[in-house]
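Observations on the model geometry
One letter stands for each residue in the lines below.
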Amino acid sequence: MRKLRWGLGMSVYASAILLLSACGNKLPTPPDTYELNGESVPSFNAVLGEDSSGTMTTMETADAGTGTSASQSAAASSETASSTGVENQYAYDKLDAGGTAVSQYVESLTSGNDAFTVVDENGAQTDPPDYTTETGTVTLARSTSESGKILTMEISWTAEGCQITLTYGDGAIKPAAVEPMTNDDAVEYLQGLRPEELGLTGSSMSEYHIYPIEGMVMVNGVACLKIQAYQVDKSSHANRIAGVFLLSGDKTHLYRLEDGSVRELHAI
């Protein structure tokens, strides 16, 4: 009986310790917005909804004066001083699929007003990652009301969780990195279009000979390669010029040169 009472006492004691521990590590209350240096971003849980955003496990805020209480953090709130500025951190777990949830969140943040842009490690615009992988990271950025400052969000995910780091600091969003376009690239691009997209006749660009012209032409501040398309005259068997085109180096702008003026085409 003595041993039984001792065992029961230890069980009650252990339960009390666990209860106290749980009370001391109360999970933070998910906010509707993330606030940092006067910038506001819809939160992960606000965008996805309570049923799809899992459980918030950590909320560390650098600016407790923005309405996000530092005392709500499962870890101590602190200001992180670094070369990039100050940051907030948020973590969620118990997600059905981390990559899918992050994809939905990013889709919301990159559309509408005050939209973010997906950027690479150098701050240049880039394509979104593959959200179907079990783990991954995506970085978003947007300009702020303060000149020379940007708001950056790094979101990493696992199969069942994600971590969001919101940073305010110096920087700028750079244009997407573009590989130089060669003459062969330009010719191949035009050959892959339909004649009607270029304002030409015929059913295939195989009916035309395409030749790039040396030198660049500036159109609205954008450097373009000049390309001429020739069609074989069936009666004389001689080449006759069918159109002159200007293609930007990143292939996002295509123009047709007509009577000394340019007209942008919508083949891109």
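Residues numbered from 1 in each chain as written. Predicted model: local features only at pLDDT ≥ 70, side-chain atom pairs only at ≥ 80, totals over all residues. Heavy atoms only, no water.

This brings us to the overall build of the protein. If you tally the helices and strands in the protein, you get 4 helices and 13 strands. Within the protein, the fraction of its 268 residues that count as buried is 34%. For the protein, the accessible area works out to roughly 15700 Å², and carbon and sulfur atoms hold 50% of it. (Helix = DSSP H or I, 4+ residues; strand = E, 2+ residues; numbered from the N terminus. Buried < 20%, exposed > 50% of the residue type's maximum accessible area, 1.4 Å probe, protein only. Areas by Shrake-Rupley, 256 points an atom, 1.4 Å probe, with all protein chains shown as cover.)

Before going further, it helps to examine the packing of aromatic side chains. Evaluation of the coordinates by the stated rule reveals 5 aromatic pairs. Their ring planes at 40° and their centres at 5.4 Å tell us that Tyr 131 and Trp 157 sit as a pair that is tilted. With Tyr 131 in the loop between β5 (117–119) and β6 (136–143) and Trp 157 in strand β7 (residues 149–157), this residue pair connects regions lying 26 residues apart in the sequence. The class of Trp 157 is buried, set by a relative accessible area of 2%. Residues Tyr 211 and Tyr 230 carry aromatic rings whose centres are separated by 5.6 Å and whose planes lie at 65° to one another, so their mutual orientation is edge-to-face. With Tyr 211 in strand β9 (residues 208–219) and Tyr 230 in strand β10 (residues 222–232), this pair connects stretches of sequence that are 19 residues apart. Within the aromatic cluster, the residues linked to one another by ring pairs are Phe 44, Tyr 92 and Tyr 105. (Phe/Tyr/Trp six-rings, centres within 6.5 Å; stacked < 30°, edge-to-face > 60°.)

What follows deals with the sheet that holds strand β12 (residues 254–258). The strand order across the open sheet built from 5 strands is β9-β10-β11-β12-β13, with neighbouring strands paired in antiparallel fashion. Every interior strand has two partners, whereas the edge strands, β9 and β13 (261–264), have only one. Within the sheet, the average angular offset between the axes of one strand and its neighbour, ignoring direction, is 30°. Alignment of β10 against strand β11 (residues 239–248), held across 9 bridges, turns out to be antiparallel. Its bridge partner being in β11, Tyr 230 is matched across the sheet by Ile 241. (Pairing = 2+ DSSP bridges. Axes fitted to C-alpha atoms, helices over the stretch in contact; angles between N-to-C directions.)

Now for the pairing of strand β2 (residues 39–42). Residues of β2 alternate between two faces, with Glu 39 and Val 41 buried on one and Ser 40 and Pro 42 left unburied on the opposite face. Bridge count for strand β1 (residues 33–36) against β2 is 4 bridges, and the pairing is antiparallel. Looking at the pairing, Thr 33 lines up with Pro 42 of β2. In this structure, the hairpin formed by β1 and β2 is closed by a connection of 2 residues, where Asn 37 is found at a positive phi of approximately 50°.

Below, the discussion takes up the pattern of salt bridges. Tallying each qualifying case throughout the model produces 6 salt bridges. One salt bridge in this structure joins Glu 258 and Arg 256, with 3.6 Å as the shortest N-O distance. You can call Glu 258 partly exposed: its relative accessible area is 28%. We classify Arg 256 as buried; its relative accessible area is 11%. Measuring nitrogen to oxygen at the nearest pair gives 3.2 Å for the salt bridge that ties Arg 263 to Glu 258. (Salt bridge = Lys/Arg side-chain N within 4 Å of Asp/Glu carboxyl O.)

Grouped together as the largest cluster of nonpolar side chains are 30 residues, with contacts concentrated most on Tyr 34, Phe 44, Tyr 105, Met 153 and Ile 164. Elements with a contribution of two residues or more to this core: β1, α2 (44–48), β3 (55–60), β4 (86–93), α3 (98–109), β6, β7 and β8 (162–170). If one sorts the elements of this core by residue count, α3 sits on top with 5 residues. Beyond its immediate chain neighbours, meaning those up to four positions away, Met 153 contacts Tyr 34, Val 41, Tyr 105, Leu 109, Phe 116, Val 138, Thr 139, Leu 140, Ile 164, Thr 165 and Leu 166. Leu 190, Tyr 208, Leu 225 and Ala 242 belong to the second-largest nonpolar core, a separate cluster that totals 19 residues. (Core = buried A, V, L, I, M, F, W, Y, C linked by side-chain atoms within 4.5 Å. Contact = heavy atoms within 4.5 Å.)

These results come straight from atomic positions and should not be treated as a statement about function.
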